[in-house]
Structures are given as C-alpha cells and as structure tokens.
Amino acid sequence: MIKENISLQPFNTFGIDVNARYFASFQSEENVFEILEQQLGESQSPLILGGGSNILFTKHVDGLVLKNEIGGIDLVHQDQDYFYVKAGAGVNWHSLVMHCIDNNYAGIENLALIPGNAGASPMQNIGAYGVEIKDVFHSLEAIHIHDKTKVILNNKECHFGYRESVFKNIYKNQFVITSVTYKLKKVPQYNISYGAIPQELERMGVKDLSIKDVALAVMNIRNSKLPNPKIIGNAGSFFKNPEISVSQFDQLKLNFPNIVGHATENNLIKVAAGWLIEQSGWKGYREGDAGCHDKQALVLVNHGNASGSQILELSEKIINSVNDKFGIELSCEVNII
Ligand code: FAD
Ligand code: EPU
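Below is a short write-up of the structure.

### Some words on the site of ligand 1
As a matter of local geometry, ligand 1 sits amid 32 residues, with Ile48, Gly50, Ser53, Gly127 and Arg222 nearest to it. Contact between ligand 1 and Ser53: an oxygen atom at 2.7 Å from a side-chain N or O atom of the residue. The separation between a nitrogen atom of ligand 1 and a polar main-chain atom of Ile177 is 2.8 Å. Mapped by element, the contributors of at least two residues to the shell around ligand 1 are strand E3 (47-49), strand E8 (127-128), strand E12 (175-185) and strand E13 (233-237). Within the shell around ligand 1, the residues separate by chemical class into 16 nonpolar, 14 polar and 2 charged.

Structure follows, in structure tokens:
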C-alpha cells in the first residue's frame with residue numbers, strides 16, 4: 001500500500017525530519033514488482049531505503065520512498081570449505097553477523113555492529129577492522145527498476161572498491177537489491193591485527209580465540225568511539241579516507257610529521273581523514289545542532305534538531321578548511337539526498 005506524506009525521521013539515523021510524498025514498504029520480490037507496476041509513468045526512480053544509516057536528507061522527497069523489509073536468512077549451499085548464506089535485503093546487518101557467529105559461519109565477525117541492512121552491504125562495500133564485504137560476497141539478486149527484470153550479479157560484476165561499487169556509479173538508482181549471498185568459511189581465518197583489536201583481545205583475557213571473541217572485541221572498540229545513533233544522530237564516517245600519491249604524502253610529512261596514513265594495494269597512501277579534520281580544529285565543534293563528534297572527528301552529528309542542509313553546510317566548511325591546510329579534498333561517504 002502506498003501512503004502519502006510520511007515523515008522519514010524514524011527511518012534515518014541522522015534523525016532528519018523530512019517527508020516522503022509517497023512511501024511504501026515491501027516484504028518480497030513480488031511486492032516490488034507490484035509497486036513498480038503501479039508506478040508506470042513515473043519518470044523518477046524511487047528511493048530505496050534500508051536502515052537509513054548512510055543517508056543525509058537535505059530536502060523533502062518529492063517522489064516515492066520504498067523501504068526494504070525482505071527478511072530471511074538461509075543456508076543455501078555448502079561445499080568442503082564454505083557455507084553459502086543468503087540473506088533477504090531487509091535483514092538487519094548486525095543480526096546477520098550474530099546469526100553467522102552462532103552457526104560458526106566465519107568471515108564477517110570483524111563487521112559486527114555496523115548499522116543498516118544486508119541489502120545495503122554491497123552498495124558501498126561496507127568495511128571495518130580489516131575486512132570488506134567484497135572478501136565474502138558471492139552474489140546478489142536485484143530487480144531492475146525500469147525494465148522490471150530480475151538479475152543476478154557476482155562479485156566481479158559489482159566492481160567493488162573502497163566504499164564503492166557499481167551501485168554508486170553506473171547502476172546508481174537503477175536496481176532494488178532483494179537478497180545477498182555470502183560465502184563464509186568453515187575454518188575461520190582470523191583477521192585480528194587491525195587497529196586496537198590485539199590490545200582489546202588481551203584486555204578481554206581471551207585464551208582460545210573464536211569468531212565470537214573477535215566480534216566482541218570489535219564491538220567494544222566501536223562502542224568506545226562511535227556515537228550510538230539512538231542517542232545522537234549520525235551516519236558513521238561522513239567522509240571517505242582520501243587516497244593520495246606517495247610523493248604527495250612524503251611532501252606533507254615534511255610539514256606535518258605526525259600525519260596518519262597507510263599504503264593501499266594500488267600503491268597509494270590512504271590518509272586518516274579523522275586526523276586531518278581534527279588537526280584543522282573541527283573535532284567537537286558545534287554550530288547550532290550540527291556538529292563534529294568529540295571522540296571521532298570523521299563523524300558528523302545531529303545534536304537534536306539540525307536540518308540536513310545545516311549538516312551539509314558544516315561538511316562543506318570542513319572540506320574547505322582541510323583543503324586549505326593540507327591541499328587534500330575530502331569526498332563524502334554518506335549519500336546526500
Ligand atoms: P541506507 O542508508 O538505507 O541506504 C544507503 C544507500 O543504499 C542509499 O543510497 C540507498 O538508496 C541504497 N540502498 C539501500 N538498500 C538498498 C537496496 N536494497 N537496493 C538498492 N539500493 C539500496 N559503514 C561501513 O562501511 N563501515 C562501518 O564501520 C560503518 N560504521 C557505521 C557506524 C555508525 C554509527 C553508522 C550510523 C553508520 C556506519 N556505517 C558504516 C555506514 C552504514 O552503516 C552502512 O553504509 C550501511 O551499509 C548502510 O545500510 P542501510 O541499510 O542503513 O542503508
Ligand atoms: N584519528 C584522529 N582523530 C580522530 C579520528 C581518527 O586523529 O578524531 C586518526 C587516528 O590516528 C586513528 C586513525 O585516524 O588511528 C583511524 O581512525 P579509526 O580507526 O577510528 O578509523 P577511521 O579511518 O576514522 C575507518 C572507517 C570506519 C571503520 C573504521 C574501522 C572510513 C571512511 N571509515 O574509520 O567506517 O569503522 O575505519 O575500520 O573508511 C563508516 O564507513 O561509516 C565507518 C565508521
């Protein structure tokens with residue numbers, strides 16, 4: 001059923017109060033086809049919404065918002081080394097991680113506590129603590145919005161990159177992802193060298209490491225620095241960590257010896273945007289209800305009643321000031337609507 005003039009405030013983790021002119025939720029592929037049939041003649045693509053945790057609304061949505069509620073987690077296949085687990089696109093991501101841990105399906109334990117839904121996990125190739133979705137992604141099912149046909153895309157066809165996929169580029173606004181199948185290991189391959197994981201595992205007193213311990217360590221670290229959207233509106237990292245050439249990094253190091261960066265597979269240096277923003281004086285800054293988080297400068301927050309435009313304006317000031325100081329242009333990770 002398509003409803004009219006619905007507030008999207010409960011459906012985005014920034015807590016921005018805008019309305020959707022039309023709003024519907026869907027629980028199955030059939031529902032998607034039915035809704036798309038009714039939409040014949042609409043030139044504008046509907047906006048597909050998962051958990052609303054990577055989106056900033058700067059205006060009312062004049063068209064249709066379609067909220068994905070396709071559920072179900074199924075073990076669809078297994079071979080000697082892998083479990084193939086298919087999740088409905090509306091499955092909450094963290095519940096999927098916990099389900100996999102309970103069943104000893106290894107590979108996504110480092111991605112515990114990322115908000116949002118499984119269906120959005122390939123959109124920007126979600127990543128944290130040394131793992132990205134591309135490392136475990138097998139395939140996805142999606143419906144082409146205008147052709148109304150179903151497609152299956154494999155890992156290669158999604159062209160995953162750092163916080164990137166085809167769905168943010170050439171296929172933008174063209175598909176409704178309805179399910180994702182992950183290829184998870186029977187024997188865990190632990191990835192525990194990243195950031196503060198080793199120290200946290202030691203603090204926890206872990207003896208016989210399990211995938212559950214890894215998830216708990218990651219959850220503890222995340223809880224210590226990332227704001228809980230239920231308490232303070234945010235969408236995680238607002239910007240991507242910029243990738244620059246080795247020579248540009250070396251040059252910057254002469255003036256800023258403490259600059260934080262590490263080498264990527266493409267022979268570039270990924271610089272910690274949080275450091276650049278903090279050094280530019282923005283950490284903990286607040287302008288009305290729009291602010292820069294006091295524990296993690298890469299996260300912009302809504303202290304209560306900020307509008308999306310106010311947060312966007314703050315982000316533009318940060319981009320300009322980081323560019324003035326370091327000659328690096330930050331780009332947004334969050335989807336601006
Ligand atoms: P939404 O915000 O609802 O949508 C995001 C984009 O995907 C939109 O463009 C939307 O139109 C599109 N979309 C969503 N679902 C579908 C679908 N089924 N079909 C087609 N298009 C779709 N991200 C990380 O990568 N790593 C992190 O560590 C991380 N930490 C975070 C911490 C916090 C506190 C918060 C608030 C966010 C964090 N994020 C992180 C960002 C966010 O959680 C992820 O990007 C997540 O995958 C977004 O899922 P969602 O369902 O909320 O997507
Ligand atoms: N730093 C500062 N000041 C800050 C924040 C960070 O100096 O205020 C420096 C520190 O030196 C720190 C380094 O930046 O060691 C990296 O910080 P952190 O480990 O918190 O990670 P990040 O680069 O800020 C990225 C992802 C996160 C992901 C974490 C852990 C991006 C854009 N962000 O953050 O993803 O959870 O690593 O892997 O790549 C998200 O995408 O929304 C997100 C939260």
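### Digging into the site of ligand 2
Every one of the 22 residues lining ligand 2 counts as a neighbour, but Tyr129, Tyr162, Glu278, Gln296 and Glu333 are closest to it. Lys225 is positioned with one of its side-chain polar atoms (N or O) 3.2 Å from an oxygen atom of ligand 2. Taking Lys283, its side chain carries an N or O atom lying 3.0 Å from an oxygen atom of ligand 2. If ligand 2 stood free it would expose 830 Å²; the protein chains cover 79% of that surface. No other element matches helix H6 (residues 273-279), which puts 3 residues into the shell around ligand 2. The residue inventory of the shell around ligand 2, partitioned by class, reads 10 nonpolar, 5 polar and 7 charged. Three or more residues apiece are contributed to the shell around ligand 2 by two domains, here domain 2 (73-185) and domain 3 (233-336).

Rules of the game
Residues numbered from 1 in each chain as written. Chains lettered and ligands numbered in written order. Predicted model: local features only at pLDDT ≥ 70, side-chain atom pairs only at ≥ 80, totals over all residues. Heavy atoms only, no water. Near = heavy atom within 4 Å. Polar contact = N/O pair within 3.5 Å; in protein donor to acceptor, adjacent residues only side chain to side chain. Helix = DSSP H or I, 4+ residues; strand = E, 2+ residues; numbered from the N terminus. Nonpolar A, V, L, I, M, F, W, Y, C, P; charged D, E, K, R; others polar. Areas by Shrake-Rupley, 256 points an atom, 1.4 Å probe, with all protein chains shown as cover. Domains from an automatic or database assignment.

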